[in-house]
Structure formats: structure tokens, C-alpha cells
Amino acid sequence: MESGPAIFAGMVFALFGGVLLVWTAVRVRHREPVAQGVRPVASAALAALAALVALAVGTWCLTRV
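Residues numbered from 1 in each chain as written. Predicted model: local features only at pLDDT ≥ 70, side-chain atom pairs only at ≥ 80, totals over all residues. Heavy atoms only, no water.

1. Observations concerning the overall build of the protein chain
The number of helices and strands found in the protein chain is two helices and zero strands. A compact globule built from 65 residues would reach a C-alpha radius of gyration of about 11 Å, whereas the protein chain, at 14 Å, exceeds it by more than 25%. With respect to the three principal axes, the spread of C-alpha positions in the protein chain is 45 × 15 × 15 Å. Counting only residues that meet the buried cut, the protein chain has 20% of its 65 residues in that class. Sequence-distant contacts in the protein chain: of pairs separated by 6 or more residues, those separated by 24 or more amount to 72%. If you sum the accessible surface of the protein chain, you get close to 4900 Å²; carbon and sulfur atoms cover 73% of it. (Helix = DSSP H or I, 4+ residues; strand = E, 2+ residues; numbered from the N terminus. Rg over C-alpha atoms; globule rule 2.2 N^0.38 Å. Buried < 20%, exposed > 50% of the residue type's maximum accessible area, 1.4 Å probe, protein only. Contact = heavy atoms within 4.5 Å. Areas by Shrake-Rupley, 256 points an atom, 1.4 Å probe, with all protein chains shown as cover.)

Next comes the structure, spelled out in C-alpha cells:
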């Protein structure tokens, strides 16, 4: 009964992190800005870091099931 919310949260975090990481990689590969008005390297690094943190949180949630 208590594993349902952990599975849901883990999947949401993992999906968000994966999609954000792929989106950031595509934007960087096409040399398009990741964020408007921010240095390209800083915005790509921050987006990649946020994606990795979301993936880590999703993994952590799924290991608690």
C-alpha cells in the first residue's frame, strides 16, 4: 500500500530527469540556447545538473519500494 506513492514519485522524477537530459543534449548539439539570456555553457551545465539530480532522486525513490 505504501509503495504506490514511492513508485509514482520515482517514475515521475526519472522521466523528468531523462527527458530534461535528452532535451539539453539536443539543444547543445544543435548549438541552440538552453536558456534565454544566460551564457550557453552555464545554462547547459545547470540543466544537466538538474537532470542528474532528478534521475538520482528517482532512483532513490525506486530503491525504497
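2. Some thoughts on the side chain of Thr-24
Looking at the element boundaries, Thr-24 is found in helix H1 (residues 3-29). The class of Thr-24 is buried, set by a relative accessible area of 4%. If sequence neighbours within four positions are ignored, Thr-24 has contacts with Val-34, Ala-44, Ala-47 and Ala-48.

3. Notes on the side chain of Ser-43
Within the element layout of this structure, Ser-43 appears in helix H2 (residues 40-63). Taking relative accessible area as the criterion, Ser-43 reaches 7% and is therefore assigned buried. For Ser-43, the side chain forms a polar contact with the main-chain oxygen of Pro-40, separated by 3.1 Å. Setting aside its immediate chain neighbours within four residues, Ser-43 contacts Val-34, Ala-35 and Val-38. (Polar contact = N/O pair within 3.5 Å; in protein donor to acceptor, adjacent residues only side chain to side chain.)

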